[in-house]
Amino acid sequence: MEQTLQRIGSISRKTLETEIAVTWNLDGTGKISCHTGVPFLEHMLDLFAKHGQFDLEVQAKGDIEVDDHHTVEDIAICLGQALREALGSKQGIRRYGNSFVPMDEALGQVIIDVSNRPHLEFRAEFPSQQVGTFSAELVHEFFWKLALEAKITIHVICHYGRNTHHMIEALFKALGRALDEATQTDPRVQGIPSSKGVLS
């Protein structure tokens, strides 16, 4: 279905810990400009955008001399808010998305419900606590803040894997593909995709 209007969300957030600017075009081609000071997150967001066919701009300055936590958290907050803005009324969207992504020995799965009800189920245990300088526990933080601010339900499952980098990469690719599916418009969907008439 040809898009007549691009669905774009732009969010800025400034605190004493971080300064973030995000622009997210849901109807893009996978172009990304990302400068965060957190190289591993930049790598994951690049994969996320390319596999979701999103155009994404993320500019962030944070207190990474402390650690990456505040920067990763606030980027996810801004992405969630930008997603809500880009989706607007949510009329005509498919609402649900599901993607399995293999990455060598790892298999990740992400299931999405654009429900207006924030919830995260996170079933992933990583064998290493660090990938380079990046703390693996921040993956949960990212997904949780994204779900919370976007007001969507996300189920994250890493079925198996041995390499923490591969496992996280599979999850970010699956997130992009699942969100792409859930946010696409379907000409058969009339109005809000809910029997209640509202997403709540």
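To start, this report covers the structure provided alongside it. Quantities reported herein were computed from a predicted structural model and do not represent experimental measurements.

## Regarding the pairing of strand S3 (residues 32-35)
For S3 and strand S4 (residues 55-62), the ladder comprises four bridges, and the chain directions are parallel. If you follow Ile32 over to S4, its bridge partner there is Leu56.

## Brief notes about unusual backbone geometry
Backbone geometry at Asn116 places phi at a positive 65°, although glycine is not the residue there. Along the chain, the position of Asn116 falls in the loop between strand S6 (106-113) and strand S7 (119-123).

## Looking at the sheet that holds strand S5 (residues 96-103)
Pairing between the strands of a sheet is mediated by backbone hydrogen bonds and can be parallel or antiparallel. Read across the sheet, four strands follow the order S5-S6-S10-S7 without closing on themselves; strand pairing throughout is mixed. In the strand order of this sheet, the two ends are held by S5 and S7, each with one partner. Sheet twist, expressed as the mean angle between neighbouring strand axes with direction ignored, is 10°. Inspection of the sheet shows S6 paired to strand S10 (residues 153-160) by seven bridges, in the antiparallel sense. Across the sheet, residue Val110 finds its bridge partner in S10, namely Val156. The strands that helix H3 (residues 137-150) touches are S6, S7 and S10; relative to S7, the one it contacts most, it runs at about 160°. The strands touched by helix H4 (residues 164-183) are S5, S6 and S10; relative to S5, the strand with the most contacts, the crossing angle is about 150°.

Conventions used here
- Residues numbered from 1 in each chain as written.
- Predicted model: local features only at pLDDT ≥ 70, side-chain atom pairs only at ≥ 80, totals over all residues.
- Heavy atoms only, no water.
- Pairing = 2+ DSSP bridges.
- Helix = DSSP H or I, 4+ residues; strand = E, 2+ residues; numbered from the N terminus.
- Axes fitted to C-alpha atoms, helices over the stretch in contact; angles between N-to-C directions.
- Contact = heavy atoms within 4.5 Å.

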